[in-house]
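# A structural walkthrough
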Amino acid sequence: MTTPTPTLAVKVLRAPRAHRTRLVFGIACGVVAVMTLAAVFAPFVAPYPPDAVDFTAVNAGPSAAHWLGTDGLGRDLLSRLVYGARTALLGPLLVVIGSTIIGMLLGLLAGWRSGWIDAVLGRVFDVLFAFPSLLLAIMAVALFGKGLVAPVIAMSIAYAPFVARLTRALVKAERTRPYVSAYRVQGFGGAWIALRRVLPNVTPIVGAQSTLNFGYVLAELAGLSFLGLGVQPPTPDWGAMINEAQSGVAGGYFLPAIVPAVAVVLVVVAVNIIGEELSDRIGGGVPA
């Protein structure tokens, strides 16, 4: 009897763990790269304008003309998915950048100065931890109106304490390193040491951990758009696409809702895999 040739899935499962990890990490990077490039070059990648209506192809299935089908207005799903990647990825990116900058500066201040400054900032962080980021975003929308700007600002503030607490712990550990004492002996000021030497040393670990926030923010902003509080029509957005597809789901047309939902899941999972792998490689554990 001949032994059946193992399938690709079986080969992957039989491969060493390090090889599987590298393979999964590479696939995750590929997913994020493809989505990013599609968003940047959307006018050249999308086969149709995102709002081009074709009433002769309403809720059509995948075909040569429409690779992913169309929605309830006959708009090409692939084109709207590509253009929707712009807002879907831009919002989380801005939140991660904003929360990382704010959190690192506050965490550096708390961890370096300690004393009453550390105590006050710690209480502020505790208060912010008590409010879910999505709730703060909804409150911001209620105060400043629908759109992307208010939720991005609110979520940047909401996620900053997570970054600040990690930075604070890392800075406290760095303060005890011999190189800090050596710089002090040479006459360098505390602010110079903190900003020019300590901060660059903790930035890679904080950056790797902040990458994990990208996926959470993407899902939350998509949820806001689904509720009609985020990106507003006619701007294409993955969350808004799911919202618009609700009426079609009731009629048995699931593809307009499945396509953007799968895109959200793929990017969230891919970013989490990348963040976890970067944290492991850099050694991003939080000091005790």
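### Re the overall build of the chain
Check the secondary structure of the chain and you find 12 helices and 0 strands. Ordered by position from N to C terminus, the α and β elements of the chain give α-α-α-α-α-α-α-α-α-α-α-α. Referenced to the eigenvectors of the C-alpha coordinate spread, the extents of the chain come out at roughly 75 × 70 × 35 Å. When each of the 288 residues of the chain is scored for burial, the buried share is 42%.

### A look at the environment of Lys-146
Mapped onto the elements, Lys-146 comes out in the loop between helix H6 (133–144) and helix H7 (149–175). For Lys-146, a relative accessible area of 54% gives the class exposed. Distance from Lys-146 to Asp-54, taken between C-alpha atoms, is 29 Å for residues 92 residues apart in sequence. The residues touching Lys-146, leaving out its near neighbours within four places in the chain, are Val-141, Gly-228, Leu-229, Gly-230 and Gln-232.

### Topic: the confidence of the model for the chain
With 91% of its residues at a pLDDT of at least 70, the chain reaches an overall mean of 85. Of all helices and strands in the chain, the one with the weakest mean pLDDT is helix H1 (residues 8–14) (48), whereas helix H4 (residues 77–113) scores best (93). This model gives residues 284–288 a pLDDT under 50, and the stretch forms 9 contacts once residues within four places in sequence are excluded.

### Remarks on the nonpolar core
Within the largest apolar cluster, 19 residues are counted, with the highest numbers of intra-cluster contacts made by Met-35, Leu-89, Phe-214, Leu-218, Trp-238, Val-264 and Val-267. For this core, the secondary-structure elements that each account for two or more residues are helix H2 (17–40), H4, helix H9 (190–226), helix H10 (238–244) and helix H12 (255–282). Not counting residues within four places of it along the chain, the set of residues in contact with Val-267 comprises Met-35, Leu-89, Phe-214, Leu-218 and Trp-238. Residues Leu-108, Leu-166, Leu-170 and Val-202 belong to the second largest nonpolar core, which totals 16 residues.

### Here we look at the packing of H9 against H12
Between H9 and H12, the shortest axis-to-axis distance is 8 Å and the interhelical angle comes to 165°. By the criterion of interaxial angle, the relationship of H9 to H12 is roughly antiparallel. With respect to the hand of their crossing, H9 and H12 are arranged in left-handed fashion. Contacts from Pro-204, Ile-205, Ala-208, Gln-209, Thr-211, Leu-212, Phe-214, Gly-215, Tyr-216, Leu-218, Ala-219 and Ala-222 in H9 reach Val-264, Val-267, Val-268, Val-271, Asn-272, Gly-275, Glu-276, Leu-278, Ser-279 and Ile-282 in H12. Here the residues of the contact of H9 with H12 sort into 15 nonpolar, 6 polar and 1 charged.

### As for the environment of Asn-201
Topologically, Asn-201 is positioned in helix H9. Asn-201 gets classed as partly exposed once you look at its relative accessible area, which sits at 40%. Leaving out residues up to four positions away in the same chain, Asn-201 has contacts with Glu-174 and Tyr-179. In terms of polar contacts, Asn-201 uses its side chain to reach the side chain of Tyr-179, at 2.9 Å.

### A word on unusual backbone geometry
Although it is not a glycine, Asn-59 sits at a positive phi angle of roughly 50°. Among the secondary structure elements, Asn-59 is positioned in the loop between helix H3 (42–45) and H4.

### Topic: H9
Considering bend angle alone, the principal kink of H9 is centred on Leu-199 and spans about 45°; proline Pro-200 follows within four residues of it. Just downstream of H9 lies Gly-228, where phi reads positive at about 85°.

### So, a nonpolar patch on the surface
Together, Leu-90, Leu-93, Leu-94, Ile-97, Ile-101 and Leu-105 line one region of the surface with nonpolar side chains, adding up to about 520 Å² of accessible area. Within the secondary structure layout, Ile-97 lies in helix H4. When its relative accessible area of 42% is taken as the criterion, Ile-97 is described as partly exposed.

### Considerations on the pattern of salt bridges
A side chain of one charge can pair with a side chain of the opposite charge when the charged atoms of the two come close. This model, assessed by the stated rule, comprises 9 salt bridges. The salt bridge involving Glu-244 is made with Arg-75; its shortest N-O contact spans 3.1 Å. One end of the pair, Glu-244, is in helix H10; the other, Arg-75, is in the loop between H3 and H4, and 169 residues separate them in sequence. Of the residues examined, Glu-244 reaches a relative accessible area of 31% and is grouped as partly exposed. One salt bridge connects Arg-177 with Glu-174, and the closest N-O pair in it is separated by 3.5 Å. Judged by its relative accessible area of 13%, Glu-174 is buried. Overlapping salt bridges, with partners in common, bring together Asp-51, Asp-71, Arg-75, Arg-80 and Glu-244 in one network.

### Concerning the packing of aromatic side chains
Here the structure, examined in full by the defined rule, presents 6 aromatic pairs. Centroid distance Tyr-159 to Phe-162: 5.9 Å. Interplanar angle 40°. Geometry classified as tilted. Of this pair, Tyr-159 and Phe-162 are both found in helix H7, 3 residues apart, which corresponds to roughly one turn of the helix. Judged by relative accessible area, which is 6%, Tyr-159 ranks as buried. Judged by centre distance (5.5 Å) and plane angle (85°), the rings of Tyr-183 and Phe-188 are edge-to-face. Put simply, the rings of Tyr-179, Tyr-183, Phe-188 and Trp-192 pair up and form one aromatic cluster.

How each quantity is defined
- Residues numbered from 1 in each chain as written.
- Predicted model: local features only at pLDDT ≥ 70, side-chain atom pairs only at ≥ 80, totals over all residues.
- Heavy atoms only, no water.
- Helix = DSSP H or I, 4+ residues; strand = E, 2+ residues; numbered from the N terminus.
- Buried < 20%, exposed > 50% of the residue type's maximum accessible area, 1.4 Å probe, protein only.
- Contact = heavy atoms within 4.5 Å.
- pLDDT = per-residue confidence, 0-100.
- Core = buried A, V, L, I, M, F, W, Y, C linked by side-chain atoms within 4.5 Å.
- Axes fitted to C-alpha atoms, helices over the stretch in contact; angles between N-to-C directions.
- Parallel < 35°, antiparallel > 145°, perpendicular 65-115°, else oblique.
- Left-handed = near helix turned anticlockwise from the far one by under 90°.
- Nonpolar A, V, L, I, M, F, W, Y, C, P; charged D, E, K, R; others polar.
- Polar contact = N/O pair within 3.5 Å; in protein donor to acceptor, adjacent residues only side chain to side chain.
- Bend = angle between axes of the 7 residues up to and from the residue.
- Patch = residues over 30% accessible without salt bridge, like charges linked within 9 Å, V, L, I, M, F, W, Y side chains within 5 Å.
- Areas by Shrake-Rupley, 256 points an atom, 1.4 Å probe, with all protein chains shown as cover.
- Salt bridge = Lys/Arg side-chain N within 4 Å of Asp/Glu carboxyl O.
- Phe/Tyr/Trp six-rings, centres within 6.5 Å; stacked < 30°, edge-to-face > 60°.

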